[in-house]
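Each chain, written out:
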Amino acid sequence: MSNTNDIYQDALNRLRQMGQDADVSPEVLDSLMRAEVVVTVSLPVRMDDGSTKYFTGYRCHYNDVLGPTKGGIRFHPQVSRSEVQALALWMTIKCAIAGLPYGGAKGGVEVNPKALSPMELERLSRAYVRAMADFIGPDIDIPAPDVYTNARIMGWMMDEYETIKRRRSPAVITGKPISLGGSLGRDEATGRGAYLCIREMATRLGWVPAEIRVAIQGFGNAGYHVARLLQKDGYRIVAISDSKGAIYSEEGFDIESIWTHKMQASQVQGVYCEHAICELVEHKNISNDELLELDVDLLIPAALEGVITTKNAANIKATHIVEVANGPILSEAENILLERNKIILPDVLANSGGVIVSYFEWVQNRSGYAWSLDEIRARLEEMIVKAFNEVWHTSMHEERSLRSAAYTMALRRIGDAVAAHGTREYFKNGKK
Ligand code: GLU
């Protein structure tokens, strides 16, 4: 599905279903059935051989009722207008659940960044900001890293924005290098947030970590940190994959050494890793599809959207799924999984650690004061555990899935903000 154009439609179908469950006013739901702004641009980039190539870029401001919009920028060949809108909608829901003063946004460029030289990548990053400079800003829309973008790219983007605006403006973008105004703890934040959610879930389910076998699909930044933290607590990580394939070992992997190998094998410039996971350690080679269907206790999709579909949902054996990727399970596939009593911790909660620490970075940039790593971690824990507790409580007490509970919370919060401006009820009754 990730390479089709239906992902936004799927996201809207799910939203409609969740809206009915949450019993929110049709006005609120209606306001979320469309994006506020979707910009498409063509980005001319001078290649190293002197030629010019054109790349298509997008930025979507989905909904800003709760504040300036927030969301990452993705560099990937599968980026499309549909995908960017779906991701921006999910950011809207995610920020509302975490209680952040943000609406949702997302951006992307249709490109295979691994095929670009570091200088081409820098020119592309700067071209994106030149095209979007009027649509982003600390009080308008604040980008961040996403799939195949990183701190270095955020640094180039901030620099380009400041050059255009002729003033310092670090709060325009988050996920920057620490030396350029980034926040401590932002690099691990998505993985740590997911880990904290799993820890909370484990306490409620009475899990003994050593008995829990985990499969992780996607070994990028988020996949690595969640795997590392789980292993530290004694969980057995029996399978890991990247875009080239998957590895399996019944005894479990040592995450740090796999990550070190993967990083050492990266390009000299250190922008992207060249080596595949399958080349690294003693293991059995399996495919990404086989990994998803492994008989494990915890499956963590941490790559792209749409990997669990109606085609494989009936074959998923994991009893618990934690969505570290955005949108890995399509809506109809989720219904199949729920009928089979699977417990799914949804993306809009499980991967919200990234945007929560992005918010801390933005606050630090605006106040001109940097927090310690301990403070960042403590504040992240406080916010995400609070959101987890609220979602879990709503799910248990209102007898709905965790995703339905999460959407309910988000829609009620967004609904309150919509109502504060006055709804049909208010104007119809002529109240003052
Ligand atoms: N791209 C991340 C996400 O999907 C982080 C967004 C942000 O930090 O603004 O949540």
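Residues numbered from 1 in each chain as written. Predicted model: local features only at pLDDT ≥ 70, side-chain atom pairs only at ≥ 80, totals over all residues. Heavy atoms only, no water.

## Some thoughts on helix α8 (residues 255-264)
At step 1: Buried within α8 we find Ile255, Ile258, Trp259 and Lys262. Buried residues of α8, viewed axially, fall in a sector of 95°; they line one side.
At step 2: Check the buried side of α8 and you find it contacts α7 (221-232), β8 (236-242) and β9 (245-248). (Buried < 20%, exposed > 50% of the residue type's maximum accessible area, 1.4 Å probe, protein only. Helix = DSSP H or I, 4+ residues; strand = E, 2+ residues; numbered from the N terminus. Arc of directions from axis to C-beta. Contact = heavy atoms within 4.5 Å.)

## Comments concerning the confidence of the model for the chain
At step 1: Counting all residues, the mean pLDDT for the chain is 93, and 94% of those residues have values of 70 or more.
At step 2: Of the regions scoring below 50 in pLDDT, residues 267-271 engages in nine contacts with residues more than four places distant in sequence or in other chains. (pLDDT = per-residue confidence, 0-100.)

## Considerations on the nonpolar core
At step 1: Counting residues in hydrophobic clusters, the biggest one holds 95 residues, and the most contacted among them are Ile97, Leu230 and Ile300.
At step 2: By residue number, the principal contributor to this core is helix α3 (residues 81-98), which donates twelve residues.
At step 3: Apart from the residues within four sequence positions on either side, Ile97 is in contact with Val348, Leu349, Ala387, Val391, Ala406, Met409, Ala410 and Arg413.
At step 4: One finds Val129, Met132, Ile153 and Met158 within the second-largest nonpolar core, a separate group that totals 26 residues. (Core = buried A, V, L, I, M, F, W, Y, C linked by side-chain atoms within 4.5 Å.)

## Section: the pairing of strand β11 (residues 298-301)
At step 1: In β11, alternate side chains face the same way, and those of Leu298 and Ile300 on one face and Leu299 and Pro301 on the other are all buried.
At step 2: The pairing of strand β7 (residues 213-217) with β11 spans four bridges and is classified as parallel. The residue of β11 that forms the bridge with Ala215 is Leu299.
At step 3: With two bridges connecting them, β11 and strand β12 (residues 320-322) associate as parallel partners. Residue pairing across strands places Leu299 opposite Ile321, the latter belonging to β12. (Pairing = 2+ DSSP bridges.)

## Side note on the sheet that holds β8
At step 1: One open sheet accounts for seven strands, arranged β10-β9-β8-β7-β11-β12-β13; its pairing is mixed. Unpaired on one side and paired on the other, β10 (284-286) and β13 (343-345) mark the two borders of the sheet. With direction set aside, neighbouring strand axes in the sheet form an average angle of 20°. (Axes fitted to C-alpha atoms, helices over the stretch in contact; angles between N-to-C directions.)

## A few points about the side chain of Glu83
At step 1: Considering the arrangement of structural elements, one finds Glu83 in helix α3.
At step 2: Aside from chain neighbours lying at most four places away, what touches Glu83 is Ile7, Arg74, Gln78 and Glu305.

## As for the site of the ligand
At step 1: If you check the shell around the ligand, you find 14 residues, and the closest are Lys70, Lys94, Lys106, Asp146 and Ser358.
At step 2: At 2.6 Å from an oxygen atom of the ligand is found a side-chain nitrogen or oxygen belonging to Lys94.
At step 3: Contacts to the ligand include Pro145, whose backbone N or O atom sits 2.9 Å from a nitrogen atom.
At step 4: When the free accessible area of the ligand is taken as 300 Å², the share hidden by the protein chains comes to 95%.
At step 5: Those elements that provide at least two residues to the shell around the ligand are α3 and α12 (353-367).
At step 6: The element best represented in the shell around the ligand is α12, accounting for three residues.
At step 7: The class makeup of the residues in the shell around the ligand is four nonpolar, five polar and five charged. (Near = heavy atom within 4 Å. Polar contact = N/O pair within 3.5 Å; in protein donor to acceptor, adjacent residues only side chain to side chain. Areas by Shrake-Rupley, 256 points an atom, 1.4 Å probe, with all protein chains shown as cover. Nonpolar A, V, L, I, M, F, W, Y, C, P; charged D, E, K, R; others polar.)

## Comments concerning the pattern of salt bridges
At step 1: Applying the stated criterion across every chain, the model contains 32 salt bridges.
At step 2: A salt bridge links Lys165 to Asp134, with the shortest nitrogen-to-oxygen separation between them at 3.7 Å. With a gap of 31 residues between them, Lys165 in helix α5 (residues 151-165) and Asp134 in the loop between α4 (118-132) and β6 (141-142) connect regions that are remote in the sequence.
At step 3: Judged by relative accessible area, which is 64%, Asp134 ranks as exposed.
At step 4: Between Lys176 and Glu361 there is a salt bridge, with its nearest N and O atoms 2.8 Å apart. Of this pair, Lys176 sits in the loop between α5 and α6 (189-205) while Glu361 sits in helix α12; the two residues are 185 residues apart in sequence, bridging distant segments of the chain. When sorted by exposure, Lys176 lands in the same class as Glu361, which is buried.
At step 5: What emerges from the salt-bridge pattern is a single network uniting Arg14, Glu323, Glu334, Asp347 and Arg403. (Salt bridge = Lys/Arg side-chain N within 4 Å of Asp/Glu carboxyl O.)

## Brief notes about the environment of Ala417
At step 1: Take Ala417: it is sitting in helix α14 (residues 402-420).
At step 2: The buried category is assigned to Ala417, whose relative accessible area is 16%.
At step 3: As for Ala417 and Leu66, which are separated by 351 residues in sequence, their C-alpha atoms are 6.7 Å apart.
At step 4: Beyond its immediate sequence surroundings of up to four residues, Ala417 is in contact with Val65 and Leu66.

## What to know about the environment of Tyr62
At step 1: For Tyr62, the location among the structural elements is in strand β2 (residues 52-63).
At step 2: Put simply, Tyr62 and Glu36 are 26 residues apart on the chain and 5.1 Å apart in space, counted from C-alpha to C-alpha.
At step 3: Polar side-chain contacts of Tyr62 include one of 2.7 Å to the backbone oxygen of Leu32.
At step 4: At 3.5 Å, the side chain of Tyr62 and the backbone nitrogen of Arg34 are in polar contact.

## Topic: the packing of aromatic side chains
At step 1: Applying the stated criterion to the full structure yields ten aromatic pairs.
At step 2: Ring geometry for Tyr8 and Tyr62: centres 6.1 Å apart, planes at 75°, overall edge-to-face. A residue pair is termed long-range when its members are at least 10 positions apart, and Tyr8 in helix α1 (residues 7-22) and Tyr62 in strand β2 qualify at 54 residues.
At step 3: Residue classification places Tyr8 among the buried residues on the basis of a relative accessible area of 10%.
At step 4: A relative accessible area of 0% means that Tyr62 is categorised as buried.
At step 5: The interplanar angle of 5° and the centroid separation of 4.1 Å between the aromatic rings of Tyr224 and Trp259 together place this pair among those described as stacked. Taken together, the residues Tyr224 in helix α7 and Trp259 in helix α8 connect sequence positions 35 residues apart. Residues Tyr224 and Trp259 agree in their burial class; the two are buried.
At step 6: Through a chain of ring-to-ring contacts, three or more aromatic side chains come together here, namely Tyr102, Tyr359, Phe360, Trp362 and Trp371.
At step 7: Sitting above the plane of the Trp371 ring, Arg379 keeps its charged end 4.1 Å from the centroid. (Phe/Tyr/Trp six-rings, centres within 6.5 Å; stacked < 30°, edge-to-face > 60°. Lys NZ or Arg CZ within 6 Å of the ring centre and 35° of its normal.)

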